[in-house]
Amino acid sequence: MSLKPKTAICVIAKNNERNIVRMLDSTKALFDIYSLVDTGSEDDTVRVFIEWCDKHDVDYVVDKNTEFLTVEVEGKEMLAEFHRARQISFDGAREAGAEYAIWIDTDDVMVNPEAAVDAVVQMKEQGHIMGMVTYNYAFTPDGKPAIVQKRERVIDLRAKGKWEGEVHEGYKFDIKDKSKLKGVVISKFWVDHLRSKDEGANTGRRNRLILKKVEKEKGFENLEAKQLWDIAYDHFERNEYSDAIKYFKRIEELEEKSEEKQMEQELYIKLSKCYLMDEQLDQSAAYLAKAKQIDVKHADIYLIQANLDSQFGDYESVVRNVNKCMEIGQPTGFDPRVSYDYNVRPLNLRYEAEMRLGRLDDAEGTVNQLIKLNPGNLINIEKIHKIRGVKRD
């Protein structure tokens, strides 16, 4: 039997004295080292953390002297360098002798941490350097997960890598064997995020301020691919498609000069979506063709094609491509019960196509699927009445 690898819990915090014990308790003190980076607390966050570690007789590392960039949102200072803070927490854990790190925030809780311990043992035995963990980011009023993601939560600290990205930070390994980057999915351990009421809006504003600050300081031509991606994605999320295209195209220029095509297909798909929404259909089709050359097993490819088919009036093809999109399913990180882009949007496309083709029974079946996804949506009830009215006529 293999010895359990020394594992660290890595945390960044600021003014979280009320939440940090709840998060720490959820780990059940099962891990060897607890690494905290305090980014400027004015309360007793650090003292509470140390007292908890002493009480449970676990080793700890604290960094509270590093200064970090911040942005002001609604009169509140918010961290602008998550990637740097996470890197310091990892470095502290590594220097303390940890082989693996599990990162978690003070407004998160671990569920079934015993499975995390077992997963780290298996990762070491099987040579995996990254463990993907379910992250329930938001919940419905009745307590069911509403936004579900898979995140790289468990990291082999012996493998060379670093955190990057001012917003939407991610861990990037510096290794040649890309097959190891897929990561192993850890199914019996997950993390729940206990978000505050106004968190979503504040986070969005913070991210935009950070991205503006980064671009102002570095200049457009000097932005790295990850920074460009975050800025482009922010424009995309706000329906500013021509602005998003500018940044995605700059990434394309950098990718063409690079030997490693790390985001090529996702880049082509995003450009195809942007051009589609910007009503530049020929450009959208051209980038979709590039994405197809890399891999056709991607739901977005069929969803974009269905949208293009609808624009060109090929409704038979709309139905085929929507069916293929839903057969493949949404990418990792989307909950099928609530994902709009990979359930509601394609079903609405198929409904419109079936109505134009005069397939009323099929259209009614599609609307019934929409009603199951969102029972309270009156628009779908009106669609049923419309179909039955056409049938009567």
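What counts and how
- Residues numbered from 1 in each chain as written.
- Predicted model: local features only at pLDDT ≥ 70, side-chain atom pairs only at ≥ 80, totals over all residues.
- Heavy atoms only, no water.
- Helix = DSSP H or I, 4+ residues; strand = E, 2+ residues; numbered from the N terminus.
- Rg over C-alpha atoms; globule rule 2.2 N^0.38 Å.
- Buried < 20%, exposed > 50% of the residue type's maximum accessible area, 1.4 Å probe, protein only.
- Contact = heavy atoms within 4.5 Å.
- Areas by Shrake-Rupley, 256 points an atom, 1.4 Å probe, with all protein chains shown as cover.
- Lys, Arg positive; Asp, Glu negative; His and termini not counted.
- Charge placed at Lys NZ, Arg CZ, Asp CG, Glu CD.
- Salt bridge = Lys/Arg side-chain N within 4 Å of Asp/Glu carboxyl O.

Here we take up the overall build of the protein chain. Scanning the protein chain for helices and strands turns up 14 helices and 12 strands. The C-alpha radius of gyration computed for the protein chain amounts to 24 Å, which stays within 12% of the reference 21 Å derived for 393 residues, consistent with globular compactness. Going through the 393 residues of the protein chain one by one, you find that 49% of them count as buried. In the protein chain, 65% of the contacts between residues at least 6 apart in sequence involve partners at least 24 apart. Entry remark: accessible area of the protein chain is about 20300 Å², with carbon and sulfur atoms responsible for 47%. Between the averaged position of the 61 positive side-chain charges in the protein chain and that of its 72 negative side-chain charges there is a distance of 3 Å.

The next point concerns the pattern of salt bridges. Any two side chains of opposite charge can pair, given that their charged atoms come close. Overall, the coordinates contain 30 salt bridges when judged by the stated rule. As a salt-bridge pair, Glu114 and Lys28 come within 3.0 Å of each other at their nearest N and O atoms. Taken as a pair, Glu114 in helix H4 (residues 113-126) and Lys28 in the loop between helix H1 (20-26) and strand S2 (33-38) lie far apart in primary sequence, 86 residues in all. Residue class for Glu114 comes out partly exposed when judged on its relative accessible area of 32%. As a salt-bridge pair, Asp156 and Arg158 come within 3.0 Å of each other at their nearest N and O atoms. Taking the relative accessible area as the measure of exposure, Asp156 reaches 5% and is therefore buried. Under the relative-accessibility criterion, Arg158 is labelled partly exposed at 49%. The network of salt bridges with shared partners includes Glu99, Lys124, Asp156 and Arg158.

Nothing here speaks to function; it is geometry throughout.
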